[in-house]
Amino acid sequence: MHDLIVIGAGPAGLAAALAAREAGLEKILIVERDAEPGGILNQCIHNGFGIEYFKEELTGPEYAERFISDLSKTDIELMTDTMALRVTGNTVHALSAKGGYRVLPAKSVILAMGCRERARGSVALPGDRPSGILTAGTAQRYVNIEGLAVGKRVVVLGSGDIGLIMARRMTLEGAKVLACVELMPYSGGLNRNIVQCLNDYDIPLYLSHTVTGIRGKKRLTGVTVSRVDDCFHPVPGTEIDFFCDTLLLSVGLIPENELTRAAGIKMDPRTRGAVVYENNETSLPGVFACGNVLHVHDIADLVTVESQRAGRAAARYVLHGKTPDSSVVSVQYGEGLVYALPQKIRIKIADDVTTVYFRVNRIFCSGTVHVYGLCGEIASFKRTHMAPGEMQRIKLSRELLQKSGGEITVSAKEADA
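Residues numbered from 1 in each chain as written. Predicted model: local features only at pLDDT ≥ 70, side-chain atom pairs only at ≥ 80, totals over all residues. Heavy atoms only, no water.

Caption draft 1: Main features of the pairing of strand β16 (residues 222–227). Within β16, five of the six residues are buried, which leaves it mostly tucked inside the rest of the structure. Here strand β15 (residues 209–215) runs beside β16; their pairing, made up of six bridges, is antiparallel. Paired with V211 across the strands is V225, a residue of β16. Where β15 folds back on β16, the antiparallel hairpin that results is connected by six residues, among which G216 adopts a positive phi of roughly 135°. The sheet contact formed by β16 and strand β17 (residues 240–242) spans three bridges and is antiparallel. Residue pairing in the sheet places V225 in a bridge with I240 of β17. (Buried < 20%, exposed > 50% of the residue type's maximum accessible area, 1.4 Å probe, protein only. Helix = DSSP H or I, 4+ residues; strand = E, 2+ residues; numbered from the N terminus. Pairing = 2+ DSSP bridges.)

Next up, the structure:
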């Protein structure tokens, strides 16, 4: 029996396994469905990784290699070409290309399966169904891993980070990127990516617009883009026709949680990930979740920090037994927020300072984050800028949590409100 099984060898799984090993666990297995560790980082050849964690700028493969190199210096077992099929309690059922069907019992499990892209079917694009319509992540793999050209005249639907990055990447490959089209009145990506990927290459960004028509039989020949009103309905008379052979979809990411739901773990409908305590433990004792399978992150550096916490928590669970019951503070999200997590904080066993992560639902040029307990406000934090595409963090001390009365609500308001 293993002390710990980690499902996924991307940035989350690698960091979690290494942290658990450093914390004293000896028998650790990582299960990875791909042929190589590294996850999505292997196809992210652009720089911008590691600025916060390593204090230097790295490409995705360079960032992954730091952890893969550390992994090679340990006795952690890595099982590639292996698909985790089911998690029952602390047992992982998997199908391996080499070993066939495997039943792998463990004392603890970390879920680090990452996320997947929304495809065309989830956004109900009208029009024909020609080739040339693909997700931005698929295009990224074709170009960066397979060495294939995906198109010459490109429109990007959605302004998430991967869409912005692929707008630049396609330009560097010689394609003409005609436009980046965003349904919302703000971009869903980091501001640095808007500047470096669109502005620096004179690629126009159409906010409050969407694709309302697709043309082409065998291959895409063009799309129609229209402005939308406050209810996201196309406005007649605002149509713009683009003649293009490729439409890249960057319309959101979804945590890969089929295993989590099937295991009976309590889910959060807002994050689409598991409900977790302050140490990333789920409602199933001994099972932890971290990285993009828990909630979609902006940068790999934050995935690493979160996953290391999960790894250390799994080690404590195995070495010291089930986490004892404790006074629990429920974390709620209020005005101006999309979600907040962890959803539960056990005061007595939490660190001296607990980090709460959240996203806002609109742009705040100058805002204040308020934390309310059952008896009123217990803390506030000034922010010069907050946007939906940038995950926010606040730190709450144990003393503040003890004043909450058992529940806190995190809200965001304009500074003068």
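Caption draft 2: Focus on the state of the cysteines. Within the structure shown, the criterion is met by zero disulfides. As a non-bridged cysteine, C197 has C180 as the owner of its nearest cysteine sulfur, 9.8 Å distant. (Disulfide = S-S within 2.5 Å.)

Caption draft 3: The layout of surface pockets, seen in detail. Here the second largest pocket defines a volume of roughly 540 Å³. Tallied by class, residues from the lining of the second largest pocket come to 15 nonpolar, seven polar and eleven charged. Inspection of the lining of the second largest pocket shows a minimum of three residues originating in each of domain 1 (1–116 + 254–323) and domain 3 (326–417). (1 Å grid on protein atoms, 1.4 Å probe; cavity = no way out; pocket = protein on both sides within 12 Å on 5 of 7 lines; lining within 4 Å. Points joined across faces, edges and corners; volume = space filled by probe spheres on them. Nonpolar A, V, L, I, M, F, W, Y, C, P; charged D, E, K, R; others polar. Domains from an automatic or database assignment.)

Caption draft 4: Here's a closer look at the pattern of salt bridges. Evaluation of the coordinates by the stated rule reveals 14 salt bridges. R393 serves as the salt-bridge partner of E52, at 3.0 Å between the closest nitrogen and oxygen. Highlighted residues: E52 in the loop between β3 (47–49) and β4 (58–59) and R393 in strand β29 (residues 392–397), separated in sequence by 341 residues. R393 sits in the partly exposed class, given a relative accessible area of 35%. For E278, the salt bridge is made with R346, and the minimal N-O distance between the two is 3.3 Å. Pair noted here: E278 is in the loop between β21 (273–274) and β22 (287–289) and R346 is in strand β25 (residues 344–346), with a separation of 68 residues, a long-range link. Using a relative accessible area of 10% as the deciding quantity, one classes E278 as buried. For R346, a relative accessible area of 6% puts it in the buried group. Beyond isolated ion pairs, a larger network of salt bridges with shared partners links R116, E256, E258 and R261. (Salt bridge = Lys/Arg side-chain N within 4 Å of Asp/Glu carboxyl O.)

Caption draft 5: Seen up close, the packing of aromatic side chains. Across all of its chains, the model carries eight aromatic pairs by this definition. Their ring planes at 40° and their centres at 6.1 Å tell us that Y53 and F67 sit as a pair that is tilted. One end of the pair, Y53, is in the loop between β3 and β4; the other, F67, is in helix α2 (residues 60–72), with 14 residues separating them in the sequence. We classify Y53 as partly exposed; its relative accessible area is 31%. Three or more aromatic residues joined by ring pairs make a cluster, and in this case those are F49, Y53, F54, Y63 and F67. Its guanidinium or amino end placed over the ring of F243, R215 lies 5.9 Å from that ring's centre, counting from NZ or CZ. R346 extends its terminal NZ or CZ atom over the ring of Y277, reaching a point 3.9 Å from the ring centre. (Phe/Tyr/Trp six-rings, centres within 6.5 Å; stacked < 30°, edge-to-face > 60°. Lys NZ or Arg CZ within 6 Å of the ring centre and 35° of its normal.)

Caption draft 6: Highlighting the side chain of T135. Residue position: T135 is located in strand β11 (residues 133–135). Once residues within four sequence positions are removed from consideration, T135 is found in contact with E117, R118, A119 and L249. (Contact = heavy atoms within 4.5 Å.)

Caption draft 7: Inspection of the sheet that holds strand β18 (residues 246–249) at higher detail. Strand order across the open sheet formed by five strands is β11-β18-β12-β13-β14, with parallel pairing between neighbours. At either margin of the open sheet sits one strand with a lone partner, and together these are β11 and β14 (205–206). Relative to β18, β11 is paired through three bridges, and the arrangement is parallel. Bridging across to β18, L134 finds its partner in L248. Where helix α3 (residues 136–144) meets the sheet, its contacts fall on β11 and β18, and the angle it forms with β11 comes to roughly 90°. (Axes fitted to C-alpha atoms, helices over the stretch in contact; angles between N-to-C directions.)

Caption draft 8: Broad picture of the side chain of H2. Its location among the elements puts H2 in the segment before β1 (4–7). Since its relative accessible area comes to 16%, H2 is described here as buried. Apart from the residues within four sequence positions on either side, H2 is in contact with K27, I28, L29, E77, P105, A106 and K107.

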